[in-house]
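# Examining the three-dimensional arrangement
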Amino acid sequence: MSQSGSNPATVIKPKTRRKITKPRMFRVLLHNDDYTSMDFVVEILRSVFRKSEPEAVQIMLNVHYRGVGMAGLYPPQVAETKVKAVHSRAKKSGYPLRCSMEPE
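A brief look at the structure comes next. (Residues numbered from 1 in each chain as written. Predicted model: local features only at pLDDT ≥ 70, side-chain atom pairs only at ≥ 80, totals over all residues. Heavy atoms only, no water.)

### Concerning the pattern of salt bridges
Short version of the rule: By definition, a salt bridge exists where a carboxyl oxygen of Asp or Glu is found within 4 Å of a side-chain nitrogen of Lys or Arg. Per the convention used, a helix needs a DSSP run of H or I reaching at least four residues, while a strand needs a run of E reaching at least two, with both numbered from the N terminus. Throughout this description, buried means an accessible area under 20% of the type-specific maximum (1.4 Å probe, protein chains only), exposed means over 50%, and partly exposed covers the range between.
Within the structure shown, the criterion is met by 4 salt bridges. Between E102 and R27 there is a salt bridge whose closest N-O contact spans 3.3 Å. Note that E102 is positioned in strand β3 (residues 98-103) and R27 in strand β1 (residues 26-31), a separation of 75 residues in sequence. Look at E102 and you get partly exposed, because its relative accessible area is 33%. Given a relative accessible area of 26%, R27 falls into the partly exposed group. Across the pair E55 and K51 runs a salt bridge, and its minimum N-O distance is 3.8 Å.

### Points about unusual backbone geometry
The residue R50 is not glycine, and still its phi comes out positive at about 55 degrees. The topology assignment puts R50 in the loop between α1 (38-47) and α2 (53-66). Looking at R50, the relative accessible area reads 67%, which means it is exposed.

### Quick notes on the nonpolar core
Put simply, the test is: To form a nonpolar core, buried Ala, Val, Leu, Ile, Met, Phe, Trp, Tyr and Cys residues must be joined to one another through side-chain atoms within 4.5 Å. Here a residue-residue contact requires only that any non-hydrogen atoms of the pair lie within 4.5 Å.
Of all hydrophobic cores here, the largest spans 22 residues; its most connected members are V28, L30, I44, L45, F49, V86 and L97. For this core, the secondary structure elements donating two or more residues are β1, α1, α2, β2 (68-74) and α3 (76-93). Every residue in contact with L97, bar those within four places of it in the chain, is listed here: L30, H31, D33, T36, F40, V41, I44, V86, H87 and A90.

### Concerning the packing of aromatic side chains
Selection rule: Stacked, tilted and edge-to-face are the three classes assigned to paired rings of Phe, Tyr and Trp, where Trp is represented by its six-membered ring and a pair needs centres within 6.5 Å; plane angles under 30 degrees give stacked, over 60 edge-to-face, the rest tilted.
Counting across every chain of the model gives 2 aromatic pairs. With centroids separated by 4.7 Å and ring planes inclined at 35 degrees, the aromatic side chains of F40 and Y95 adopt a geometry described as tilted. Remark: Y95 occurs in the loop between α3 and β3 and F40 occurs in helix α1; sequence separation between them is 55 residues. Relative accessible area serves as the criterion here: at 26%, Y95 is assigned to the partly exposed category. On the basis of an interplanar angle of 35 degrees and a centroid distance of 6.3 Å, the ring pair of F49 and Y74 is categorised as tilted. With F49 in the loop between α1 and α2 and Y74 in strand β2, the pair connects residues that are 25 residues apart, well separated along the chain. Each member of the pair, F49 as well as Y74, carries the same accessibility label: buried.

### Things to note about the packing of α1 against α2
The following threshold applies: An axis is simply a line fitted to the C-alpha atoms; with a helix, the fit covers only the stretch in contact. Between two such axes, the angle follows the N-to-C directions and lies from 0 to 180 degrees. Roughly parallel refers to an angle under 35 degrees, roughly antiparallel to one over 145, roughly perpendicular to one between 65 and 115, and oblique to any angle outside these ranges. By definition, any crossing whose near helix is turned counterclockwise from its far helix by less than a right angle is left-handed, and any crossing with a clockwise turn is right-handed. By the convention adopted, Pro, Cys, Tyr, Trp, Phe, Met, Ile, Leu, Val and Ala count as nonpolar, Lys, Arg, Asp and Glu as charged, and the other residues, Gly among them, as polar.
Closest axis-to-axis distance for the α1/α2 pair is 9 Å, and the angle between their directions is 130 degrees. With respect to α2, the axis of α1 lies oblique. As for the relative orientation of α1 and α2, their crossing is right-handed in sense. Here α1 contributes M38, V41, V42, L45 and R46 to the contact with α2, which in turn contributes E53, A56, V57, I59, M60 and H64. By residue class, the composition of the contact of α1 with α2 is 8 nonpolar, 1 polar and 2 charged.

Function-wise, these values are silent; they only describe arrangement.
Right, here's the structure in full:
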């Protein structure tokens, strides 16, 4: 019988560290059109993307003058939900506002 109760055949494995990777982020973009009002775009930015009034106006102006503006940067599921929310609200309000997402 062994005196100490420890088994000499027991092997202790070193702990392995798992590399944690950040999820891929996606830009959510609003696209200019000739029909959607600037006020509606600002409202979308404030309600869906939680932007302040000045920030929403700046993004709306980027959409208007550059043809596209970034509404935010989100993980994939959040970005997809925001795109769907914009399309749903725009359709309900009779606007053709387009929103897309692209990898960062």
